[in-house]
Amino acid sequence: MANVSSTFGVFLAPHRDDVTRKEQAVAADGLGYGVVWLGTGRNSVGDLALVEDILAATERITVATAIVNMWVDEPETLAASYHRLADRYGQRLLLGIGVGHPESVTGYRSPYAKIVGYLDRLDAAGVPVDARILAALGDRVLELAAERTAGAHPYLVPPTHTRHARAILGAGKLLAPEHKVVVDEDPVAARAIGRPYVQTPYLGLSNYVKNLLRHGYTEADVDGGGSDRLIDDLVLHGTPETIAKGLLSHVDAGADHVAVQVLGPSPAVELANQRRLAEVLL
């Protein structure tokens, strides 16, 4: 299995350029975070070029894709890239894969069948089960993650979902939810930074909205830009110590690892807060 031994990692969203994300990944490696999760958005990443660049520039951190979109990159292309890098970097590589969102893919249909077929083709191409993790929110895909991969990487979820996901995955499977944070003690300022990252696009995507409604939120919470309660739950804010307590709620609920997405007004602020959080998380 890919090495995900540390409780906390850093999630780097695709809204930053690759040079900035590489700098943040190198810093995360030096600080002791266990995994750097590379957000991919809707981009083709089957050649794993940025992954390779970051693996070469770091010493110990695991690099995970979050996620390779099954509608965008063919499994055989991804498998060839995996084998090229695995031969050199071994357990420092983790393939996060998923089907994305119906609103963002032309011809999106039968997502469950798409996942099964994609995993079948990865099997045929020799990608080990424990070298891949599945983006999963609903029960059927969580069950598939337990059966066919190392585990699940849920995005934009509260600890109540983590507890539910652990019950479905069972023991021995990796559960690594993502969670956003803003290191700022002013709730109004923190919400102003965090809300756009929840509202656009996620409150316009049916799979995320349905998942939030299943786990304690109401239509009023997910309307518009999201209620303050929703934003405060999905984007933790405060001092590093306060944020750490919130992140540990996922661990208490059954997570093995939490992918921490640090949000800020600039890359420099994000990097500084990545360091501040490391002092209390690691």
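Residues numbered from 1 in each chain as written. Predicted model: local features only at pLDDT ≥ 70, side-chain atom pairs only at ≥ 80, totals over all residues. Heavy atoms only, no water.

Engineer: Is there a simple way to think about the pattern of salt bridges in this case?
Structural biologist: Once their charged atoms are close, side chains differing in charge can pair, the charge on each being opposite to the other. Scanning the model with the defined rule gives 16 salt bridges in all. For the salt bridge of Arg148 with Asp123, the shortest nitrogen-to-oxygen distance reads 2.8 Å. In this pair, Arg148 sits in helix α5 (residues 139–148) while Asp123 sits in helix α4 (residues 111–124), placing the two residues 25 residues apart along the sequence. With relative accessibility at 16%, the residue Arg148 sits in the buried group. Judged by relative accessible area, which is 35%, Asp123 ranks as partly exposed. The partner of Glu178 in a salt bridge is Lys180, with the nearest N and O atoms 2.9 Å apart. Here the two residues Glu178 and Lys180 agree in accessibility, since each one is buried. What emerges from the salt-bridge pattern is a single network uniting Asp120, Asp123, Arg132 and Arg148. (Salt bridge = Lys/Arg side-chain N within 4 Å of Asp/Glu carboxyl O. Helix = DSSP H or I, 4+ residues; strand = E, 2+ residues; numbered from the N terminus. Buried < 20%, exposed > 50% of the residue type's maximum accessible area, 1.4 Å probe, protein only.)

Engineer: Would you mind going over the nonpolar core with me for this structure?
Structural biologist: Most often, soluble globular proteins keep nonpolar side chains buried together rather than apart. Tyr33, Leu247, Val260 and Leu277 are the most contacted members of the largest nonpolar core, which has 58 residues in total. Among the elements that take part in this core, helix α3 (residues 75–89) stands out by supplying six residues, more than any other. With near-sequence residues (within four places) excluded, Leu277 lies in contact with Tyr33, Val181, Val183, Pro240, Ile243, Val260 and Val262. Ranked by size, the runner-up nonpolar core spans 34 residues in total, among them Leu94, Leu137, Leu212 and Leu230. (Core = buried A, V, L, I, M, F, W, Y, C linked by side-chain atoms within 4.5 Å. Contact = heavy atoms within 4.5 Å.)

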